[in-house]
Amino acid sequence: MSTLTVIGVAVAAVAVLLVLVIRFKVPAFVALLAAALVTAFASGMPLDEVVPTFVDGMGGTLGSVALLVGLGAMLGAIIEKTGGAAALATSLTSVLGPRRVGPALLLTSGVFAVPIFFDVGFIIMLPIIFSFARAAGHRAPIAVGAPIAALMVFIHNMVPPHPGVTGSSTLLGADVGLVTLLGLGIAVPMGFLVHVVGRMITDRRDFPLDPMVRRRFEQTVDAQDRRAVGEDDESDGVDGTDGTGGTGGAAGRPGPAGGGDVATAVRTAPATVRGPGAFAVASMVVLPVLMITVGTLGSLVVAEDSLSGRVVSLVGEPAFALLVTVAAAIFVLGIRGGWSMRDLGGVMDASLAPAAIVVFVTGAGGVFAEVLTQTGVGDTISQELLGTGMPILLMAFLLATVFKVAQGSGTVATLASAGLVQNVVVDGDFTSFQVALIVLAIGCGSVALSHINDSGFWVANTFLGLSVADGLRTWTVLTTVLGWTTMIILAALWPLAA
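Residues take numbers from 1 onward in each chain, read along the sequence in its written order. The model is predicted, so local features are restricted to residues of pLDDT at least 70 and side-chain atom pairs to those at 80 or more, both for listing and for counting; the totals for chains, interfaces and linings are taken over all residues. Only heavy atoms go into the side-chain values, all of them from the structure, while hydrogens and water stay out.

> Report on the side chain of Asn-461, specifying residues and quantitative values.
Each helix corresponds to a stretch of at least 4 residues labelled H or I by DSSP, and each strand to a stretch of at least 2 residues labelled E; elements are numbered beginning at the N terminus. Counting through the fold element by element, Asn-461 comes out in helix 20 (residues 455-464). Here Asn-461 falls in the buried class, since its relative accessible area comes to 3%. Polar side-chain contacts of Asn-461 include one of 2.5 Å to the backbone oxygen of Phe-457. Any two residues whose heavy atoms approach within 4.5 Å at even a single point are treated as in contact. Setting aside its immediate chain neighbours within four residues, Asn-461 contacts Leu-466, Gly-471, Thr-474 and Trp-475. For every residue, the accessible area obtained with a 1.4 Å probe (protein chains only) is divided by the maximum for its type, and the residue is called buried under 20%, exposed over 50%, and partly exposed between those limits. Pairs of N or O atoms within 3.5 Å make up the polar contacts considered here, provided that, within protein, one atom can donate a hydrogen while the other can accept it, and that residues adjacent in sequence are counted only when both atoms are side-chain atoms.

> Can you explain the nonpolar core? Please cite residues and give values.
We call a set of buried Ala, Val, Leu, Ile, Met, Phe, Trp, Tyr and Cys residues a nonpolar core when their side-chain atoms join them within 4.5 Å. Within the largest apolar cluster, 147 residues are counted, with the highest numbers of intra-cluster contacts made by Phe-122, Phe-154 and Leu-172. Ranked by the residues each element gives to this core, the list is headed by helix 3 (residues 47-81), at 14 residues. When near neighbours in sequence (up to four residues on either side) are disregarded, Leu-172 contacts Ala-418, Val-421, Gln-422, Val-425, Val-426, Val-435, Ile-438, Val-439 and Ile-442.

> Give a detailed account of the side chain of Thr-180, specifying residues and quantitative values.
Considering the arrangement of structural elements, one finds Thr-180 in helix 9 (residues 176-203). Look at Thr-180 and you get buried, because its relative accessible area is 4%. Of the polar contacts made by the side chain of Thr-180, one reaches the backbone oxygen of Val-176; its length is 2.8 Å. Among all residues touching Thr-180, those that are not within four sequence positions of it are Val-159, Pro-160 and Ile-292.

> How would you sum up the confidence of the model for the chain? Please name residues and give values.
In the predicted model, the chain carries a mean pLDDT of 81, and the fraction of residues at 70 or more is 85%. For the chain, helix 11 (residues 261-267) is the element with the lowest average pLDDT, namely 37, and helix 19 (residues 432-445) is the one with the highest, namely 96. pLDDT: the predictor's confidence for each residue, scored from 0 to 100. pLDDT under 50 marks residues 231-269. Its contacts with residues more than four places away, or in other chains, come to 80 contacts.

Take a look at the structure:
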């Protein structure tokens, strides 16, 4: 096919994807498969090769992604349901003092966001945000909550085992351990940045609250005031509920807003359940990062074919690190706190339901990428873009940003962008450090310019009680600042990665 025909095929495939997702609200899994099918037919792929190509794309992507996402979901559920977020937030705030509530909760949310999906993590943090917004003297939770929401979604898009960045790492052949370490390293200065910018935005004006959210916030304030004088209240939206309408878990732990299997598992937990200590929770989040660090740094100083080299390689494998951490969390956070294995098993099983949706979407993205590769469409498009003189790092970032703005889903934007640049990256002469930077450029592109077609926009703004206009002034500004600033940092690191 001519270059013009190939470009037409790519445009048609992307148009099908966007129309199905935006106009007809077709699930991303089906939309990605449909876009892949259009690409296969339009490019003249033999009919008997279509299904085998789909199978290869699905299997090749999910080989590692399913392990990481599944184990990450289980670890997040254990931390969530045993009261880990509250323990970390309370401990850090007591150490830093009430005047530093914002930074304390921001640090907590950053740690909490590594193993837990954004929407679940933010909803679990919400009653804590309400409580400590009052402790810091804020009239509305937006001052504390907006930076937390932005940082959590940033980590969701930049740090494995979250699905988008894990899937793009697989497609581009990146070292997941290196991507993890770089993503976490960049998240630290971004935490400071979002705190400063968040204060600048929220201090400049008052943000009217939705009446329902205002009532919940005031209930939290009233409950704290009653506790201050020694009164007890079991129906204030803090002890008995999660502050968002959901039923709290055993021993007063916050529960999910929507109920369901996980909530049932928590409600049936023994009455003698004890919440974990902050150090124990932090240890479970840090453990996989330490193991991955040992593997990444150890491979530089130990012979690869030696026994110690093989041990270091195993220890540093992200899937093995998460498996070890899940086993440790079962004992440290669960059994030691009075949970039975049956109750923990229910929580872990329930966590796989939402994770399965993400896994399938990621696999469909792998199918789309495989079709682009096998038909030559992805290679032709990437070469044409590179022929314009655009650096691969900037191209990856802009592709992800365009997909993000057009259809809203960060995961879809990440996987589609990775599929378009896959051939250039895999066949190119890039170091492992450079490939990791390309993966992160796609990740920060899928963060920037989040607006009303992004579910994250509605999760954050609905629960914080903001109007659409105020959401654009806060959430959209913060995500854009994070995405573009990170891209500048990645561009500065690129010469050092050669």
